[in-house]
Amino acid sequence: MLSLLWLIPALPAAGSVLLVLLGRRLGRAGTAWVGTGSVGLSAVLALLVCGSFLAAPPTGDAYRQVLWTWFDVGGFAPTIGLHLDAVSVVWVLVITVVGFLIHLYSVEHMERDDGFTRFFIYMDLFVFSMLVLVLADNLLLLYLGWEGVGLCSYLLIAFWQEDTQNVYSGRKAFIVTRVGDTALIAGLFLLFTHYHTLEIGPLMAAIGATASRGDPVLVAAGLLLLGGAVGKSAQVPLQTWLPDAMAGPSPVSALIHAATMVTAGIYLITRLNPIMAQAGWANDVIAWTGAITALVAATAAVAQTDIKKVLAYSTVSQLGYMFLAVGTQTYVAGVFHMVTHAFFKALLFLGAGAVIHSMSHEQAMRRYGNLRKYLPITFGTFFVGWLAIAGVPPLSGFWSKDEILAGTFNSGPQGKVLWIIGLAVAALTAAGISGSGPNAASIALAPNPLTLSVNDTGSVNVQVSNAQNLGAFEFIIAFDPAVVHASGVTLGPMLTGSGTYTAYLLGPLIDNTAGTVRFAAYTLGTGAGPNGSGVLATMQFQGMSAGTSGLTFTKVRITDRSAVIDAGAAATNGSVVVGSGSGPRMWLPTLRK
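Okay, so let's go over this structure. What you see is a predicted model, and the numbers here were worked out from it, not measured in a lab.

**Topic: the overall build of the protein chain**
Phase 1: Per the secondary structure count, the protein chain includes 19 helices and 14 strands.
Phase 2: C-alpha extents for the protein chain along the principal axes are approximately 90 × 55 × 50 Å.
Phase 3: In the protein chain, 77% of the contacts between residues at least 6 apart in sequence involve partners at least 24 apart.
Phase 4: When the accessible surface of the protein chain is split by element, carbon and sulfur atoms take 63% of a total near 23,300 Å².
Phase 5: Of the side chains in the protein chain, 28 bear a positive and 27 a negative charge, and the two mean positions are spaced by 6 Å.

**Describing the layout of surface pockets**
Phase 1: Computed from the structure, the largest pocket encloses a volume of approximately 1,200 Å³.
Phase 2: Lining the largest pocket are 32 residues, and of these Trp160, Ile356, His357, Ser360 and His361 lie nearest its centre.
Phase 3: Put simply, the parts of the chain that give the lining of the largest pocket at least two residues each are helix H2 (86–109), helix H5 (164–195), helix H8 (241–244), helix H13 (307–327) and helix H14 (331–358).
Phase 4: Broken down by element, the lining of the largest pocket gets its largest block of residues, five residues, from H14.

**Some points on the side chain of His337**
Phase 1: On the secondary structure map, His337 appears in helix H14.
Phase 2: Setting aside its immediate chain neighbours within four residues, His337 contacts Gln318, Tyr321, Met322, Phe344, Ser400, Lys401 and Ile404.

**Here we look at the pairing of strand S2 (residues 79–84)**
Phase 1: Counting buried positions along S2 gives six out of six residues, so the element sits mostly inside the fold.
Phase 2: Going residue by residue along S2, you find Thr79, Gly81 and His83 tucked away on one face and Ile80, Leu82 and Leu84 tucked away on the opposite face as well.
Phase 3: Where strand S1 (residues 63–69) and S2 come together, six bridges link them in antiparallel fashion. Within S2, the residue paired with Trp68 across the bridge is Ile80.

**Let's talk about the sheet that holds strand S3 (residues 442–446)**
Backbone hydrogen bonds hold the strands of a sheet together, and the pairing may be parallel or antiparallel.
Phase 1: Reading across from one edge, S3-S5-S10-S7 is the order of the four strands in this open sheet, with antiparallel pairing throughout. Edge positions in the sheet fall to S3 and strand S7 (484–491), since each has one partner strand and no second. Each adjacent strand pair in this sheet contributes to an overall mean axis angle of 25°, direction not counted.
Phase 2: Looking at chain direction, strand S5 (residues 457–467) and strand S10 (residues 532–543) are connected through nine bridges and run antiparallel. Bridge pairing in S10 links Gly458 to Phe541.

**Structural notes on the pattern of salt bridges**
Phase 1: Using the criterion set out here, one finds 10 salt bridges in the structure.
Phase 2: Its salt-bridge partner being Asp244, residue Lys172 comes within 2.7 Å of it at the nearest N-O pair. Here the residue Lys172 occupies a position in helix H5, and Asp244 occupies one in helix H8, the gap between them amounting to 72 residues.
Phase 3: Judged by relative accessible area, which is 23%, Asp244 ranks as partly exposed.

**A short note on the environment of Ala258**
Phase 1: Mapped onto the elements of the fold, Ala258 is located in helix H9 (residues 250–259).
Phase 2: Since its relative accessible area comes to 0%, Ala258 is described here as buried.
Phase 3: C-alpha of Ala258 to C-alpha of Gly280: the two residues are 22 residues apart in sequence and 30 Å apart in space.
Phase 4: Those residues in contact with Ala258, other than ones at most four positions away along the chain, are Ser253, Thr263, Thr315, His341, Lys345 and Phe349.

**Some words on the environment of Val134**
Phase 1: Structurally, Val134 can be placed in helix H3 (residues 116–135).
Phase 2: Setting aside anything within four residues of it in sequence, one finds Val134 in contact with His83, Ser88, Trp91, Val92, Ile95, Tyr267 and Arg271.

**Details of the packing of aromatic side chains**
Phase 1: Evaluated as defined, the whole model comprises 21 aromatic pairs.
Phase 2: Seen from their ring centres, Phe119 and Phe120 are 5.4 Å apart, and the 90° between their planes marks the pair as edge-to-face. For the pair Phe119 and Phe120, a shared accessibility class is recorded, and that class is buried.
Phase 3: Both rings, one in Phe473 and one in Phe475, keep their centres 4.9 Å apart while their planes meet at 15°; by these two values the pair is stacked.
Phase 4: Members of the aromatic cluster, each reached through a chain of ring pairs, are Phe116, Phe119, Phe120, Tyr122, Phe159 and Trp160.
Phase 5: Seen from the ring of Phe379, Arg372 lies directly overhead, with NZ or CZ sitting 5.6 Å from the centre.
Phase 6: The residue whose ring lies beneath Lys416 is Phe409, and the NZ or CZ to ring-centre distance is 4.8 Å.

The rules behind each value
Residues numbered from 1 in each chain as written. Predicted model: local features only at pLDDT ≥ 70, side-chain atom pairs only at ≥ 80, totals over all residues. Heavy atoms only, no water. Helix = DSSP H or I, 4+ residues; strand = E, 2+ residues; numbered from the N terminus. Contact = heavy atoms within 4.5 Å. Areas by Shrake-Rupley, 256 points an atom, 1.4 Å probe, with all protein chains shown as cover. Lys, Arg positive; Asp, Glu negative; His and termini not counted. Charge placed at Lys NZ, Arg CZ, Asp CG, Glu CD. 1 Å grid on protein atoms, 1.4 Å probe; cavity = no way out; pocket = protein on both sides within 12 Å on 5 of 7 lines; lining within 4 Å. Points joined across faces, edges and corners; volume = space filled by probe spheres on them. Buried < 20%, exposed > 50% of the residue type's maximum accessible area, 1.4 Å probe, protein only. Pairing = 2+ DSSP bridges. Axes fitted to C-alpha atoms, helices over the stretch in contact; angles between N-to-C directions. Salt bridge = Lys/Arg side-chain N within 4 Å of Asp/Glu carboxyl O. Phe/Tyr/Trp six-rings, centres within 6.5 Å; stacked < 30°, edge-to-face > 60°. Lys NZ or Arg CZ within 6 Å of the ring centre and 35° of its normal.

Written out as structure tokens, the structure is:
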């Protein structure tokens, strides 16, 4: 079974190549099968191969598979070879299993995107590159995978190229991580100069046999390797690229910028732990880098209102936790937290994607409210992820953070200070991931349910609470068409009262066969929009049979005003035309049958 190791990275690579060659002919369904299926098969094979490795470990507790010689120049002949041991087993399983689940989610999430095929080409290429990184038997091949995931990260952050800001975000990530990559390649040159090999096994054996703790060469190499890890894993001072990386689709954030690529720095330090064991005070630099990063990022997360940036900063913070672990030589705890974080952070990002999708791509949490009622499944899964990242027992985050804090506390004189910082970060993480902003508006239907006799008429109000500077809303409301039929919608007194704005109603679009009424409204003017609580709109109904009909929201979007727009805008039932003024624009709803 171990001889099939090469197929684990080969399958995603084949999927990416096949989509490049046949993507247009395959269509969306074929693209989904190839893109997701290739990673799914890789995950199944990874479970079988890694299971075989754990059930009957090979001699030396490692398996090496050489595929071919890469090149041979002056006696330097690196191979295209794979190395499987306890460390790479963990990363391979996380990459393939979590990667497959995210691919599966992406099929629906990206269904209507024009770049559907291109998205899966990039995602499969990323999975291949990440697997090469963690399975490489030499540091030159590891560096190839390292640069491959950096390229894919750039392509996926800038995926929606129509918005130049997304392109700038991708470029920023690419350039900032290049700073770290320069340090990494310098570290590899230093190691090769002194030990004349970049094969991981012989290199570690040579260091173990000849080096002593505090060896200046290994201290310098350790610091250079740390530089590479700091860039890829978004640690201070190179952490600024990761929050901007949220410009990409939510599945990208889940796979690359939460579960896998950003842990490459942790993998590098863990894989080369014999170097770190002799690197002396370089380990203190790693630990303090992690502690400072965790504290800075957790503090920043508390101040965010963008749902994805909250998760981005919390990711930087949790990566800092992992650096704190490996810097205090608590490698098992650091890898344990990498695994738990991969699952609960991917869950949170996918949950955030579902919320953003349901809120018509709105990411400002202060514009959310009462989503538990309208997205109960997403609420339940997101709540579990929140408990895990907050470190609430008995969920996984509690156990991995507890191991890191215990190892830090016992790591020496400075361990007590680092432990206090780690404990503060845990509290800040729970607070930061909980915030939803002070301006969340909530809506309700009253009366609900509605009881009418045959041919009787009645009305139901859409009521809002805690609205602040109301800009626009859009609702789809379902009812029982066997009991009542909708006949019309009028704006409520909250929008028709005095104010330096004008309210426009779009719709209603009524379907008494399906039992839905859809309508929207927005406010334009030179002054602030409505504030407080009141009736946004009133729906009229007629009884079709004696009985009671419950009413439910099936789509909700309500936002405040992000800019003052010229009140001279014109509106018609079904479309909105806005003047060509300068500056940011407020979201305006458009109804289509």
